[in-house]
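# Fold and contact review
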Amino acid sequence: SERARSTRYRESLDNLAHSLKTPLAVVRTQIEGAGPIEDRASVVVDQVERMQGIVDYQLRRAAAGTAAGQSLVAVTPVAEATLSALAKVYAEREVQIDTRLADGAAFQGDRGDLAEILGNLLDNAFKWCRSTVRLTVAERHQRNWRQPGLEILVEDDGPGLDADRAAALTRRGERGDEAVPGQGIGLAVVSEILAARGGGLEFAVSDLGGTRVTARLPGTAARA
């Protein structure tokens, strides 16, 4: 029990460091960037609030083993905030973003879990794409579901990734390319969150030419 708790806390520290990378990068770009100081200060304040939310979320997750929230979280605001932050981090690459978000799509769980799923999958897409990233969010309905399931597809036009190799990247510490900065944690975190909720990750070739990663979450069964 003590070893399991020690492992959980060590992994939580890794997760925290990984999650803070993007908001810290955004803050750095704003400090070093040009433009009205008021606008840049507003972005920094937003990212500081985001970092506080990440710390609170990771502390909850470390204590419980997984985030405990079961509320319905609107996907669009979280997706838009994530894309806005990554567009600032990767501004020099001028990535074209294609979004296809189902109206009213909701994630059942902790907002932090949704932010981790979107943040890690989209960060990988921005990192590996040549010029385009596509985010598709769709609901999946079944007759015996009270709350519909959710499907999140993230695609890029990068060099692509063999499906067998991609599956291996869901293990902590595995990286697609040692020459590219990273900790080999992102896909593992996403896989753990999805597995805890009965979902999973799938990898395929995107019609953009690169990789398509699909995160699937089942709906909530109707009460008898």
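Before any of the text, the structure's been laid out above.
The text that follows walks through the structure, step by step, so that each part is easy to find. A quick note: this is a predicted structure, and the numbers were derived from the prediction, not measured. Residue numbers here run from 1 along each chain, matching the order of that chain's written sequence. In keeping with the predicted nature of the model, local features appear solely for residues at pLDDT of at least 70, side-chain atom pairs appear and are counted solely at 80 or more, and the whole-chain, interface and lining totals rest on all residues. Side-chain calculation: all heavy atoms of the structure are included, whereas hydrogens and water are not.

## As for the packing of aromatic side chains
- Centres within 6.5 Å make a pair out of two Phe, Tyr or Trp rings, where for Trp the six-membered ring is used; the pair is then stacked when the planes are under 30 degrees apart, edge-to-face when over 60, and tilted otherwise. All told, the structure shown has one aromatic pair when counted by the stated rule.
- Where tyrosine 90 meets phenylalanine 126, the ring centres are 5.6 Å apart and the plane angle is 35 degrees; that geometry is what we call tilted. Taken together, the residues span a long stretch of sequence, with tyrosine 90 in the loop between helix H3 (75–89) and strand S2 (96–101) and phenylalanine 126 in helix H4 (residues 111–128) at a distance of 36 residues.
- For the exposure calls, accessible area comes from a 1.4 Å probe over protein chains only, and a residue counts as buried if that area is under 20% of its type's maximum, exposed if over 50%, partly exposed in between. Residue classification places tyrosine 90 among the buried positions, given a relative accessible area of 16%.
- By relative accessible area, which is 1% here, phenylalanine 126 ends up buried. Here a helix means four or more residues in a row that DSSP labels H or I, a strand means two or more in a row labelled E, and each is numbered from the N terminus.

## Some thoughts on the pattern of salt bridges
- What makes a salt bridge here is a side-chain nitrogen of Lys or Arg within 4 Å of a carboxyl oxygen of Asp or Glu, nothing more. With the rule as written, the count across this model stands at nine salt bridges.
- Between aspartate 98 and arginine 100 there is a salt bridge, with the nearest N and O atoms lying 3.0 Å from each other.
- Its salt-bridge partner being arginine 140, residue glutamate 151 comes within 2.9 Å of it at the nearest N-O pair. Highlighted residues: glutamate 151 in strand S6 (residues 149–156) and arginine 140 in strand S4 (residues 132–140), separated in sequence by eleven residues.

## What about the environment of alanine 195?
- Here alanine 195 lies in helix H6 (residues 186–196).
- Along the primary structure alanine 195 and leucine 217 are separated by 22 residues, whereas in three dimensions their C-alpha atoms are 8.9 Å apart.

## Details of the side chain of threonine 82
- Here threonine 82 shows up in helix H3.
- A residue is classified by how much of its surface remains accessible, and threonine 82, at 4% relative accessible area, is buried.
- Threonine 82 has contacts with Leu118, Gly119 and Leu122, leaving out every residue within four places of it along the chain. Contact criterion: two residues are considered in contact whenever any of their non-hydrogen atoms come within 4.5 Å of each other.

## Observations concerning the sheet that holds S6
- The criterion for strand pairing is that DSSP finds at least two bridges linking the strands in question. Read from one edge to the other, the open sheet built from five strands follows the order S2-S4-S6-S8-S7, with strand pairing classed as mixed. Looking at the sheet topology across the chains shown, the edges are occupied by S2 and strand S7 (200–205). Across the sheet, the mean angle separating the axes of adjacent strands is 15 degrees when strand polarity is ignored.
- Pairing geometry for S2 and S4, over six bridges, is parallel. Bridge pairing in S4 places glutamine 96 opposite threonine 132. Axis definition: a line fitted to C-alpha atoms, limited for helices to the stretch in contact. Angles are taken between N-to-C directions and run from 0 to 180 degrees.

## Some points on the nonpolar core
- The criterion is simple. A nonpolar core is a set of buried Ala, Val, Leu, Ile, Met, Phe, Trp, Tyr and Cys residues joined through side-chain atoms within 4.5 Å. Counting 38 residues, the largest nonpolar core has Ile117, Leu121, Leu135, Ile152 and Leu201 as its most contacted members.
- Only H3, H4, S4, S6, H6, S7 and strand S8 (211–217) provide two or more residues apiece to this core.
- Apart from residues lying up to four places away in sequence, leucine 121 is in contact with Val154, Leu187, Val190, Leu201, Val213 and Ala215.

The values are spatial; any link to function lies outside them.
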